[in-house]
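Single-letter residue listing:
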Amino acid sequence: MLILMRHGEADWNATTDESRCLTEKGISFVRQQAAEVADFAPNISKIICSPYRRTCQTARLMQQSLGGIEIVEDERLTPDVPVSEAITALEAHWQDNLLVVTHQPLIGYLVSYLIEGDMRSPEPLLPGHRVSLALDWPAAGMATRLIEK
């Protein structure tokens, strides 16, 4: 399983995009998402995230609910990298039950690429939302969206 998650809601009051922090609303929503993931997918084995502050904060909040699993930051998961670089990052870190915390527009294109095999219809994920996918390897058109119960 692969869970792709957009970072929680972030404040715009920062000197750089990379240093934006989660808002209180963003923290609260991510904690709610973390509890749901802990129920739905308790066997998350690793979290990878963009090195931007808001994604690292989101990853740490997820980690708190999922146990002391490893978090790895990867520059290939920042907002404007090409999907091909993000796929290379997924391949480098691949293992069952992986959680990826990243940004729009990248996450929208990744979801479309993995499910549809192209990027014509990027997924419009809001801050803190996630998509759970079943797939054996991160390749074009190989994923099936999982419905959480």
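Heads up: the structure comes first, above all this text.
First things first, this report covers the structure right here in the doc.

Basis of the calculations
Residues numbered from 1 in each chain as written. Predicted model: local features only at pLDDT ≥ 70, side-chain atom pairs only at ≥ 80, totals over all residues. Heavy atoms only, no water. Helix = DSSP H or I, 4+ residues; strand = E, 2+ residues; numbered from the N terminus. Expected span 1.5 Å × (residues − 1). Buried < 20%, exposed > 50% of the residue type's maximum accessible area, 1.4 Å probe, protein only. Contact = heavy atoms within 4.5 Å. Pairing = 2+ DSSP bridges. Axes fitted to C-alpha atoms, helices over the stretch in contact; angles between N-to-C directions. Parallel < 35°, antiparallel > 145°, perpendicular 65-115°, else oblique. Left-handed = near helix turned anticlockwise from the far one by under 90°. Nonpolar A, V, L, I, M, F, W, Y, C, P; charged D, E, K, R; others polar. Polar contact = N/O pair within 3.5 Å; in protein donor to acceptor, adjacent residues only side chain to side chain. Arc of directions from axis to C-beta.

What to know about helix H2 (residues 53-66)
For step 1, the next point in the chain: Compared with an ideal rise of 1.5 Å per residue, which puts 14 residues at 20 Å, H2 spans 20 Å between its outermost C-alpha atoms and is within 8% of the ideal.
For step 2, the next point in the chain: Within H2, the full set of buried residues consists of Arg 54, Thr 55, Cys 56, Gln 57, Thr 58, Ala 59, Leu 61, Met 62 and Leu 66.
For step 3, the next point in the chain: Contact partners of the buried residues in H2: strand S1 (2-6), helix H1 (24-40), strand S2 (46-49), strand S3 (70-73) and strand S4 (98-102).
For step 4, the next point in the chain: A positive phi of about 95° marks Gly 67, the residue just after H2.

A look at the pairing of S1
For step 1, the next point in the chain: With five of its five residues buried, S1 lies for the most part within the structure.
For step 2, the next point in the chain: The side-chain alternation of S1 yields two buried faces, one formed by Leu 2, Leu 4 and Arg 6 and the other by Ile 3 and Met 5.
For step 3, the next point in the chain: Where S1 lies against strand S5 (residues 130-134), four bridges are found, and the strand directions are antiparallel. Across the sheet, the residue bridging to Met 5 is Arg 130, located in S5.

With respect to the packing of H1 against H2
For step 1, the next point in the chain: Two elements in contact, H1 and H2, have axes whose closest approach is 9 Å; the angle formed by their N-to-C orientations is 40°. It follows from the interaxial angle that H1 and H2 lie oblique. The interaxial crossing formed by H1 with H2 has right-handed handedness. Where H1 abuts H2, its residues Ile 27, Val 30, Arg 31, Gln 33, Ala 34, Ala 35, Val 37 and Ala 38 lie against Thr 58, Leu 61, Met 62, Ser 65 and Leu 66.
For step 2, the next point in the chain: Taken together, the residues of the contact of H1 with H2 sort by class into nine nonpolar, three polar and one charged.

Focus: the side chain of Thr 55
For step 1, the next point in the chain: Here Thr 55 lies in helix H2.
For step 2, the next point in the chain: A polar contact of 2.7 Å, which involves the side chain of Thr 55, links it to the backbone oxygen of Ser 50.
For step 3, the next point in the chain: Once you skip the residues sitting within four places of it in the chain, Thr 55 turns out to touch His 7, Cys 49, Ser 50, Val 101, Thr 102 and His 103.

Some words on the sheet that holds strand S6 (residues 144-145)
For step 1, the next point in the chain: If you trace the six strands from one edge of the open sheet to the other, you get S3-S2-S4-S1-S5-S6, paired in mixed fashion. Each end of this open sheet is capped by a strand with a single partner; those strands are S3 and S6.
For step 2, the next point in the chain: Where S1 and S4 come together, five bridges link them in parallel fashion. Its bridge partner being in S4, Arg 6 is matched across the sheet by Thr 102.

Looking at helix H3 (residues 83-93)
For step 1, the next point in the chain: Among all positions of H3, only Val 83, Ala 86, Ile 87, Ala 89, Leu 90 and His 93 are buried. Buried residues of H3, seen end-on, are gathered within an arc of 155° and therefore sit on one face of the element. Exposed residues pointing more than 90 degrees away from the buried face of H3 are listed as Ser 84 and Ala 92.
For step 2, the next point in the chain: Those residues of H3 that are buried lie in contact with S1, S2, S3, S4 and helix H4 (106-116).

Just distances and angles here, no functional claims.
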